[in-house]
Amino acid sequence: MPRIPVTRSISIDSEELEESFSRSSGPGGQSVNTTDSAVMLRFDVANSPSLPQAVKARLTALGGSRMTREGVLVLRSEGARSQLLNRQEVRERLIALIGEATIVPKKRRPTKPSKAAKAKRVEGKVKRGAIKTLRGRVTD
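This report concerns the structure included in the present document. For clarity, every value in this text was computed on a predicted model and none was experimentally measured.

**Describing the pattern of salt bridges**
Phase 1: A full pass over the atoms with the stated rule returns five salt bridges.
Phase 2: A salt bridge links E19 to R87; the nearest nitrogen and oxygen atoms lie 2.8 Å apart. Residue E19 is located in strand β3 (residues 17-22), and its partner R87 is located in helix α2 (residues 83-101); the two are separated by 68 residues in the primary sequence.
Phase 3: A salt bridge links E89 to R93; the shortest N-O distance between them is 3.3 Å. Taken together, the residues E89 and R93, both in helix α2 and four residues apart, mark about one turn of the helix.

Structure, rendered in structure tokens:
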């Protein structure tokens, strides 16, 4: 059972990946109607023993419409004519997506504008208002 390295601490078992092949709608040659070159990769995120719970949650959010209700991530590749190239590309996309899910986003600390920033904003508004008043009617 070969393992696919994702990060230093995370690797997924190739047995967890389910690949299916179909005919690609993309470019082709003489064998376009006979070769199953499109690859659909299914990875069960919800039941994967290789991923920590926090990474699973972020990966589910990142997956968006590519996630099924059961928690399975579905990726498809049909850009290349070769099945091997499409398999490599879809696996690279999976690894990149899992790698992105391992990054913990920084928590935002709410801040308030300083007094100087508030004063500068008001000063800008006063200047703009003065410019606009100059556009009014000319009086004698």
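**So, the side chain of S50**
Phase 1: By the element assignment, S50 lies in the loop between β4 (38-44) and α1 (53-63).
Phase 2: At a separation of 2.4 Å, a polar atom in the side chain of S50 contacts the side chain of E16.
Phase 3: In this structure S50 touches R3, I10, S11, I12, D13 and E16, once residues within four positions along its chain are discounted.

**Comments concerning the packing of α1 against α2**
Phase 1: Between α1 and α2, the shortest axis-to-axis distance is 8 Å and the interhelical angle comes to 120°. With respect to α2, the element α1 is oriented oblique. Handedness of the crossing formed by α1 with α2: right-handed. In contact with V55, R58, L59 and L62 of α1, α2 contributes L97, I98, E100 and A101.
Phase 2: Across the contact of α1 with α2, the residue classes tally to six nonpolar, no polar and two charged.

**So, the sheet that holds β3**
Phase 1: Read from one edge of the open sheet, three strands run β3-β4-β5, paired in antiparallel fashion. The two strands at the open ends of the sheet, each matched to only one other strand, are β3 and β5 (72-77). Each strand axis lies, on average, 20° off the axis of its neighbour in the sheet, ignoring direction.
Phase 2: One ladder, built from six bridges, connects β3 with β4; its direction is antiparallel.

**So, the environment of P52**
Phase 1: As for its placement among the helices and strands, P52 is situated in the loop between β4 and α1.
Phase 2: For P52, a relative accessible area of 40% puts it in the partly exposed group.

Each value, and the rule that gives it
Residues numbered from 1 in each chain as written. Predicted model: local features only at pLDDT ≥ 70, side-chain atom pairs only at ≥ 80, totals over all residues. Heavy atoms only, no water. Salt bridge = Lys/Arg side-chain N within 4 Å of Asp/Glu carboxyl O. Helix = DSSP H or I, 4+ residues; strand = E, 2+ residues; numbered from the N terminus. Polar contact = N/O pair within 3.5 Å; in protein donor to acceptor, adjacent residues only side chain to side chain. Contact = heavy atoms within 4.5 Å. Axes fitted to C-alpha atoms, helices over the stretch in contact; angles between N-to-C directions. Parallel < 35°, antiparallel > 145°, perpendicular 65-115°, else oblique. Left-handed = near helix turned anticlockwise from the far one by under 90°. Nonpolar A, V, L, I, M, F, W, Y, C, P; charged D, E, K, R; others polar. Pairing = 2+ DSSP bridges. Buried < 20%, exposed > 50% of the residue type's maximum accessible area, 1.4 Å probe, protein only.

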